[in-house]
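Structural description and commentary
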Amino acid sequence: MSSRVALVTGASRGIGRAAALHLADDGHRVAVNFVRAKDEAESVVDAIQASGGEAVAIGADVGTEAGVAELFGGVEESLGPVEILVNNAGVVRDNLLLRMTTEDWDDVLAVNLRSVFLCTKIALRAMIRARWGRVISITSVSGLSGNPGQANYAAAKAGIVGFTKSVSKEVGSRGITVNAVAPGFVETDMTDDIDEAGRELAKSRITLGRFGTPEEISAAVGYLASEQAAYVTGQVLVVDGGLGI
Ligand code: NAP
């Protein structure tokens, strides 16, 4: 497998961390982005280096144009142009719509959707020149089915689906695939505050009867980034243990 330059946004923890480790394991050089958790991001880099891989941690807020410009400048300088982009960074600010503040709407849309637009737009320049590229964005089953209390998050995640399908049609002729992965419930900090009753209710709706692991999601990311997935584009790969929508 050829060694590519991969950028994973929000790779200090959870699914992004697992994706960074998986891509490094597949032989790629990995940029580990974070916004606050510098120590955690550096420990991901240390783990990759300890297994003989190459990685760098770069702090940047992917919800802002300046942050994304800085991030891509840093990756290009340290590893080279991005060939595999994993749009993973995400936040939740859950509330019923009537109680949702405009700030909670804007923050979630910026980190979960604006970032996908900003990062993909920059990454495509080099990918088009190279006539090879992989863009993989982490959406959610919330964006496919909706979820009470998540109007902002579900709107952002549904936006990723439309974005992915549209951009895949724009760049398919250049050897670039654009896909999304839609996890169900995954054991990370994001789902940490779901109480026991909520957890049991969720599990009762999941065919496999349990939450997924970050590694089970990163396996799907690894597949979409691989040469084996060269003929897969514009798709949303649902990895939800049979949650159903
Ligand atoms: P997580 O454990 O809360 O980690 C979130 C990551 O995003 C962290 O690395 C965080 O960096 C980073 N991040 C947040 N805001 C950022 C910003 N403005 N700029 C750059 N990075 C930022 O979340 P997770 O559960 O792994 O979720 C990863 C992705 O999967 C998200 O897009 C999420 O919506 C999606 N997803 C998760 C689940 C689930 O059940 N967990 C289900 C479906 C979809 P810091 O550590 O520096 O704060």
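Below is a summary of the structure that appears in this document. Fair warning: this is a prediction, and the values are worked out from it, not measured in the lab.

Within the protein chain, the regular secondary structure consists of 8 helices and 7 strands. What you see for the protein chain is a C-alpha radius of gyration of 17 Å, in line with the 18 Å of a compact globule of 245 residues. Once the C-alpha set of the protein chain is aligned to its principal axes, its extents read approximately 45 × 40 × 35 Å. A total of 245 residues make up the protein chain; the buried ones form 49% of that total. Restricting to contacts in the protein chain with at least 6 residues of sequence separation, those with at least 24 account for 73%. Within the structure as shown, the protein chain displays about 11,400 Å² of accessible surface, and the carbon and sulfur contribution to it stands at 52%.

The next point concerns the packing of helix α1 (residues 14-25) against helix α8 (residues 214-225). Where α1 meets α8, the closest approach of the two axes is 8 Å, and the angle between their N-to-C directions is 50 degrees. When the axis of α1 is compared with that of α8, the two are oblique. In the crossing of α1 with α8, the sense of the turn from one axis to the other is right-handed. Seen from α1, the contacting residues are Gly14, Ile15, Ala18, Ala19, His22 and Leu23; seen from α8, they are Pro214, Glu215, Ile217, Ser218, Ala219, Val221, Gly222 and Ala225. Residues of the contact of α1 with α8, tallied by class, amount to 9 nonpolar, 4 polar and 1 charged.

What follows covers the pairing of strand β4 (residues 84-87). Burial along β4 is two-sided: the face carrying Ile84 and Val86 and the face carrying Leu85 and Asn87 are both buried. By the bridge criterion, 3 bridges tie strand β1 (residues 5-8) to β4 in an arrangement that is parallel. Note on β4: the bridge partner recorded for leucine 7 is leucine 85. The pairing of β4 with strand β5 (residues 133-138) spans 4 bridges and is parallel.

Attention now moves to the pattern of salt bridges. Enumeration according to the criterion identifies 8 salt bridges in this entry. With its nearest N and O atoms 3.3 Å apart, the salt bridge here joins glutamate 83 to arginine 4. Residue glutamate 83 is found in the loop between α3 (65-78) and β4, and its partner arginine 4 is found in the segment before β1; the two are separated by 79 residues along the sequence. When sorted by exposure, glutamate 83 lands in the same class as arginine 4, which is buried. For the salt bridge of glutamate 42 with lysine 38, the shortest nitrogen-to-oxygen distance reads 3.2 Å. One end of the pair, glutamate 42, and the other, lysine 38, are both in helix α2 (residues 38-50), 4 residues apart, so they sit about a helical turn from each other. Given a relative accessible area of 45%, lysine 38 falls into the partly exposed group. Among the ionic contacts, a cluster of salt bridges with common partners joins Arg4, Glu83 and Glu227.

About the cut-offs
Residues numbered from 1 in each chain as written. Predicted model: local features only at pLDDT ≥ 70, side-chain atom pairs only at ≥ 80, totals over all residues. Heavy atoms only, no water. Helix = DSSP H or I, 4+ residues; strand = E, 2+ residues; numbered from the N terminus. Rg over C-alpha atoms; globule rule 2.2 N^0.38 Å. Buried < 20%, exposed > 50% of the residue type's maximum accessible area, 1.4 Å probe, protein only. Contact = heavy atoms within 4.5 Å. Areas by Shrake-Rupley, 256 points an atom, 1.4 Å probe, with all protein chains shown as cover. Axes fitted to C-alpha atoms, helices over the stretch in contact; angles between N-to-C directions. Parallel < 35°, antiparallel > 145°, perpendicular 65-115°, else oblique. Left-handed = near helix turned anticlockwise from the far one by under 90°. Nonpolar A, V, L, I, M, F, W, Y, C, P; charged D, E, K, R; others polar. Pairing = 2+ DSSP bridges. Salt bridge = Lys/Arg side-chain N within 4 Å of Asp/Glu carboxyl O.

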